[in-house]
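Fold and geometry: a report
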Protein chains: 2
Amino acid sequence: MKDFTQNLEAAKAALSHLDLEEREAAITAASRDFFWYSPVLKPRLDHLRADFVVRPRNEAEVIEVLKTCYDYDIPVTTRGAGTGNYGQAMPMRGGCVMHLRHMNQVLSCTPGRVVAQPGCLLKDLDAHCKTHSGHELRMVSSTWVTATIGGFIAGGSGGVGSVTWGSLRDLGNILRLRVVTMEAAPRVLEFTGEALARVSHAYGTNGIITEVEMPTAPAYDWVDVLVKAKDFGVAMTLADDLANEDGILLKLASVFEAPTAKSFFKRVAPYVDEDDHLLALMVAPQGMDGFLTYLGRQEGAEMIYRSDAHSWARGPGLIFEYGWNHTTLRALKVDPSITYLQIRYGFPKHKALVEKMRAAFPKGEVIQHLEAIRAGGKVGFAGLSMVRFTTEARLEEIIRIHEDAGALIFNPHRYTLEEGGRQHTDDAQLNFKREADPKGLLNPGKMIAFDDPYWTYDTMYAYPDMRPPS
Amino acid sequence: MKDFTQNLEAAKAALSHLDLEEREAAITAASRDFFWYSPVLKPRLDHLRADFVVRPRNEAEVIEVLKTCYDYDIPVTTRGAGTGNYGQAMPMRGGCVMHLRHMNQVLSCTPGRVVAQPGCLLKDLDAHCKTHSGHELRMVSSTWVTATIGGFIAGGSGGVGSVTWGSLRDLGNILRLRVVTMEAAPRVLEFTGEALARVSHAYGTNGIITEVEMPTAPAYDWVDVLVKAKDFGVAMTLADDLANEDGILLKLASVFEAPTAKSFFKRVAPYVDEDDHLLALMVAPQGMDGFLTYLGRQEGAEMIYRSDAHSWARGPGLIFEYGWNHTTLRALKVDPSITYLQIRYGFPKHKALVEKMRAAFPKGEVIQHLEAIRAGGKVGFAGLSMVRFTTEARLEEIIRIHEDAGALIFNPHRYTLEEGGRQHTDDAQLNFKREADPKGLLNPGKMIAFDDPYWTYDTMYAYPDMRPPS
């Protein structure tokens, strides 16, 4: 990549009629995502800063930004709300951060389908769909209040709703993406079917999403439920069994090992003991009778909260804001030494594997947090285990112990697509990047295969602008 | 049971202000269901005939019928449309057939939930719900056009929609049943939760359902799809895989072994060969892109019809009217020697077990027909194999071969709850019958455990009024 510093002023001048941001504090804020969840990424990426931020108002302006930056060899890192926590929105080379917050319109919605611009907040998109179609997104991240649909598609993989609908990558969970390339003459492309895999979960490395079409599901008045259990196996089995009850529609089934609820969930703490494991559920109202029937058959589990009928002086708030990446966030606020891992415990050995990992570490070093999700039609667990961080070497060891046992790790302490994923080249993404971003300016440093096809993954990928930890 | 013949005139007189039917032809018509699917049941039950038919207009009239018949010791067999094919609505002892066709009102519906009277046709209920809530029943029988919701609950187990929602017996798939008992003073009871199992799929032997509350699901404009394949394994795997695609919402996935489509499906026949296996699907419109993407990856499968875009001179009609019990019905019309079996091929050995059964019989004797269904969260198959009937002994042998291989048989050549099910006493149903029907007048002869607790199932249960085949 060419040195572009001498081009910056000319590029900014060329884009000055757009919503261009040059204030230091605003640029700094727009140059950060939730990478600081990771004590590995924090020291390495904390210094990164874009040179300017631009906020296009429509696709024509996106094209103008991409064309101008192409001409001036300026890297472009695109972001929504920046709630990703793999560092995917960190501008490794500086340059331009393109913020899509202005492109927040819902273009159409019918029961089952919505078309929107990428900068629309998940929360706003759901509200619009619920009003106009009685539907909502099939799945959202726990950062629903602040995150955008474009960011979720480009940087996320699943979340609240995945217990029923699987992951974003599953066929049918994204319908169409409209994408602008970064070439001398940017092209606008429409992707469906097999082509969707080129740009979904590609961190904006090979094209910029300017319109999304997503499937939706009915927007029921989900009942938030909390159940406590003294036996972890009981809590885990409840989540697994309920997710396998075909007639009980769920949107969330999260399991939190003790003492998560007591130690980290302030509003829940008065209702649990230190040794209580917690199960959080979102149940469709018409599923509550079936759920309560099921629960009535279980020993050792007690419902302590349901959002439609409770006597808590102060309710816990949205229950999904205890799950997925919010669990670690809550823990971090109480204990800054905590970080986490993302793990896949695949069916049919998911429960046994979790129990094995529970037994593999000293008490308190790894705290289990599970999310029931569907994959290939079967319920398994996404693990977002909380880890008390000591050293990078120990973190690596904890990862290795999981992998040796057969638990797949998606390493959130890496900022590249490959290292955060399955450590192999995604040919669909790579080939499209070669075509759509010939100068390698889109979110540089995030796709190893483009930079260094012979990388062996022996050590952490060290992009030139990454700072070694002191 | 007492002889009631001398009481008939008095009972009819007492009920004469109701919609009472005494015409021979009408009584005969109301005394038959689809028992004639079975060459075993046909000669044994063909002679059965009620003494009169009454059609109550509301719950108060149901109570009046039950009280009057209780007083006069007259058996009451309750029916909806009589589309069941286990003989469940056949009046074994004559007496009164109570037809609920007048009780056909939808009482309320919201997205996710509907309350209705039992005599409402599935088709009308769905139309009402679609108009007023954008929803429809989660599952219906293939006799949707003519069958009632009450009959479906009292006599059915699942059907179109079970590929996503499982079976009626699964928690959450029935919300509430209002039931009238047959006592000196009939009681009106409301059942939810565990109590639902007492009267659902009980053939009206222990109480009469006067109101139902059911969960609903979005009423999408389902796309009917037909796919052909020369290799049976390809067709079966397509159905299984698609039902396991979490992002592709299906309402039906049926597999028909060759030459079913060519021989029995008249309007499909021009588009297939004798050796073509057929897959029938109902796909949510927003799932079509994912479905076509999946199909594009398969060798040896070709889509020949989609209802939203086709050039067939004459379309096939509703695709689900080729599946479930309609398959046998279509075959029977072409070849009267055909009957069928109902089989459960449970996950995870379902595909292997089907292949084993395919190999177990001479060509053409047993023709595979599979319906992908969920059970316990896993996709497996309901088999409704068509059988070329020769003798009862051979039919028994075919059943035994299935059972020996581990395939569960629900024998549709038996008219009792136990023999058509798992050959064991359902205590919830039995105990409630003892309480709700102390004289044993409700649909007599259908619950062996009530008549003869020591029955050993060595031979077919021969209720006194069953006629031995000549």
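Here is what the cut-offs are and how they apply
- Residues numbered from 1 in each chain as written.
- Chains lettered and ligands numbered in written order.
- Predicted model: local features only at pLDDT ≥ 70, side-chain atom pairs only at ≥ 80, totals over all residues.
- Heavy atoms only, no water.
- Pairing = 2+ DSSP bridges.
- Helix = DSSP H or I, 4+ residues; strand = E, 2+ residues; numbered from the N terminus.
- Axes fitted to C-alpha atoms, helices over the stretch in contact; angles between N-to-C directions.
- Contact = heavy atoms within 4.5 Å.
- Buried < 20%, exposed > 50% of the residue type's maximum accessible area, 1.4 Å probe, protein only.
- pLDDT = per-residue confidence, 0-100.
- Buried area = accessible area lost by both parts, 1.4 Å probe.
- Salt bridge = Lys/Arg side-chain N within 4 Å of Asp/Glu carboxyl O.
- Polar contact = N/O pair within 3.5 Å; in protein donor to acceptor, adjacent residues only side chain to side chain.
- Nonpolar A, V, L, I, M, F, W, Y, C, P; charged D, E, K, R; others polar.
- Least-squares fit on C-alpha atoms with pLDDT ≥ 70 in both.
- Phe/Tyr/Trp six-rings, centres within 6.5 Å; stacked < 30°, edge-to-face > 60°.
- Lys NZ or Arg CZ within 6 Å of the ring centre and 35° of its normal.
- Disulfide = S-S within 2.5 Å.
- Domains from an automatic or database assignment.
- Core = buried A, V, L, I, M, F, W, Y, C linked by side-chain atoms within 4.5 Å.
- Parallel < 35°, antiparallel > 145°, perpendicular 65-115°, else oblique.
- Left-handed = near helix turned anticlockwise from the far one by under 90°.

This brings us to the sheet that holds strand E18 (residues 369-375) of chain A. Residue and element names in this part refer to chain A. Taken together, 8 strands build an open sheet; the order of strands is E14-E11-E13-E12-E18-E19-E16-E21 and the sheet is antiparallel. Of all the strands in the sheet, the pair left with one neighbour each is strand E14 (301-306) and strand E21 (408-410). The mean angle between the axes of side-by-side strands here comes to 25°, regardless of whether they run parallel or antiparallel. Here 7 bridges tie strand E11 (residues 223-229) to strand E13 (residues 277-283), and the two strands are oriented antiparallel to one another. Counterpart to valine 227 in the pairing with E13 is leucine 279. Against the sheet, helix H11 (residues 288-296) makes contact with E11, E13 and E14, and its axis sits at roughly 150° relative to E14, the strand it touches most. The strands that helix H13 (residues 350-358) touches are E13, strand E16 (342-345), E18 and strand E19 (378-383); relative to E19, the one it contacts most, it runs at about 20°.

On to the pairing of E13(A). All names here are of chain A. In terms of residue burial, E13 counts as a mostly covered element, since 7 of its 7 residues are buried. Of the two faces of E13, both are covered, the one formed by His277, Leu279, Leu281 and Val283 as well as the one formed by Leu278, Ala280 and Met282. Summarising the sheet, strand E12 (residues 250-256) and E13 pair through 6 bridges and their orientation is antiparallel. Across the sheet, alanine 253 pairs through a bridge with leucine 281, a residue of E13.

Turning our eyes to something else, we now look at the confidence of the model for chain A. Across chain A, the average pLDDT comes to 97, with 100% of residues at or above 70. Two summary scores accompany this predicted model of the complex, namely pTM at 0.97 and ipTM at 0.96.

Our focus in this paragraph is the interface of chain B and chain A. Contact residues are listed per partner, giving 41 residues for chain B and 41 residues for chain A. The largest share of the area that chain B buries against chain A comes from B:Leu171, B:Asp246 and B:Gln286, three residues that together contribute 24% of it. Counting across the chain B and chain A interface gives 2 salt bridges. A salt bridge links A:Arg297 to B:Glu194; its shortest N-O distance comes to 2.6 Å. Here chain B and chain A share 20 residue pairs in polar contact (both at pLDDT 80 or more) between them. The class makeup of the residues in the side of chain B that touches chain A is 15 nonpolar, 16 polar and 10 charged.

Turning to the relation of the copies chain B and chain A, a few remarks are in order. Superposition of the two copies of the chain requires a rotation about an axis and a shift along the axis. Least-squares fitting of chain B to chain A yields an RMSD of 0.0 Å, with the transformation described by 0.0 Å of translation along the axis and a rotation of 180°. Interpreted geometrically, this transformation is the action of a two-fold axis. When the interface residues of chain B are mapped onto chain A, 100% of them again lie at the interface, so the same face is used by both copies.

What follows covers the packing of aromatic side chains. Counted under the stated rule, the structure contains 27 aromatic pairs over all chains. Between A:Phe256 and A:Phe265, the aromatic rings sit 5.0 Å apart at their centres with planes inclined by 85°, giving edge-to-face as the arrangement. One exposure class covers both A:Phe256 and A:Phe265, and it is buried. Ring centres of B:Phe191 and B:Phe432 lie 5.2 Å apart, and the angle between their planes is 80°; on these two criteria the pair is classed as edge-to-face. Taken together, the residues B:Phe191 in strand E9 (residues 188-191) and B:Phe432 in helix H15 (residues 427-436) connect sequence positions 241 residues apart. Of the two residues, B:Phe191 and B:Phe432, neither departs from the other in class, the shared state being buried. Aromatic rings pair up to connect A:Phe34, A:Trp36, A:Tyr37 and A:Tyr340 into one cluster. Above the face of the B:Tyr70 ring, B:Lys439 is positioned so that its terminal group lies 4.1 Å from the ring centre.

Here is the idea: a disulfide is a covalent bond, and it sits between the sulfur atoms of two cysteines. According to the stated counting rule, one finds 0 disulfides over all chains in the structure shown. For the unlinked cysteine A:Cys109, the closest cysteine sulfur is that of A:Cys129, found at 4.4 Å.

Residue and element names in this part refer to chain A. Domains assigned within chain A are domain 1 (5-101 + 427-451), domain 2 (106-219) and domain 3 (223-410). Distance between the C-alpha centres of domain 1 and domain 3: 35 Å. Facing the 8 residues of domain 1 at the interface are 12 residues of domain 3. By the criterion of area lost to domain 3, the three top residues of domain 1 are Tyr37, Pro39 and Tyr86, representing 63% of everything that side buries. Arginine 44 is the salt-bridge partner of glutamate 392, the closest N and O atoms lying 2.7 Å from each other. Between domain 1 and domain 3 we count 7 residue pairs in polar contact (both at pLDDT 80 or more) in total.

This part takes up the pairing of strand E6 (residues 113-116) of chain B. All names here are of chain B. Note that strand E5 (residues 106-110) and E6 share 4 bridges and pair antiparallel. Bridging from a neighbouring strand, threonine 110 pairs with arginine 113 of E6. From the end of E5 to the start of E6, which pair antiparallel, there are 2 residues, and glycine 112 there has a positive phi angle of about 110°. Taken together, the 4 bridges between E6 and strand E10 (residues 208-218) define a ladder with antiparallel strand orientation. Bridging from a neighbouring strand, valine 115 pairs with glutamate 213 of E10.

Now for the pattern of salt bridges. Residues and elements named next belong to chain A. The final tally for this structure, using the stated rule, is 77 salt bridges over all chains. The salt bridge involving lysine 42 is made with aspartate 46; its shortest N-O contact spans 3.8 Å. Given the relative accessible area of 36%, lysine 42 is considered partly exposed. Given the relative accessible area of 32%, aspartate 46 is considered partly exposed. Its salt-bridge partner being arginine 176, residue glutamate 213 comes within 2.7 Å of it at the nearest N-O pair. Of the two residues, glutamate 213 is situated in strand E10 (residues 208-218) and arginine 176 in strand E8 (residues 176-180); the sequence distance between them amounts to 37 residues.

In a beta sheet, neighbouring strands are held together by backbone hydrogen bonds and run either parallel or antiparallel to one another. Residues and elements named next belong to chain B. Here we have 3 strands laid out as an open sheet, ordered E15-E20-E17, and antiparallel in their pairing. Edge positions in the sheet fall to strand E15 (338-340) and strand E17 (366-367), since each has one partner strand and no second. Its contacts with the sheet put helix H12 (residues 325-334) on E15 and strand E20 (386-388), and the angle it makes with E15 is roughly 165°.

On to the nonpolar core. One broad rule of soluble globular proteins: the nonpolar side chains tend to lie buried together. Within the largest apolar cluster, 148 residues are counted, with the highest numbers of intra-cluster contacts made by A:Ile149, A:Val268, B:Ile149 and B:Val268. Not counting chain neighbours up to four residues away, the residues in contact with A:Val268 comprise A:Leu226, A:Ala261, A:Leu278, A:Ile304, A:Trp312, A:Pro316 and A:Tyr322.

Next up on the list: helix H16 (residues 427-436) of chain A. Residue and element names in this part refer to chain A. Restricting attention to buried positions, one finds in H16 the residues Gln429, Leu430, Phe432, Lys433 and Ala436. On its buried face, H16 sits against E8, strand E9 (188-191), helix H8 (196-199), helix H15 (417-420) and helix H17 (448-451). Its side-chain oxygen at 3.1 Å from the backbone nitrogen of alanine 428, aspartate 426 defines the N-terminal cap of H16.

All names here are of chain A. Across the interface, helix H9 (residues 232-243) lies against H13 with an axial gap of 11 Å and an inter-helix angle of 150°. Judged on the interaxial angle alone, H13 and H9 are roughly antiparallel. H9 and H13 meet at a crossing whose hand is right-handed. Taking contact as the criterion, the partners of Phe232, Gly233, Met236, Thr237 and Asp240 in H9 are, on H13, His350, Lys351, Val354, Glu355 and Arg358. Among the residues forming the contact of H9 with H13, the class breakdown is 3 nonpolar, 3 polar and 4 charged.

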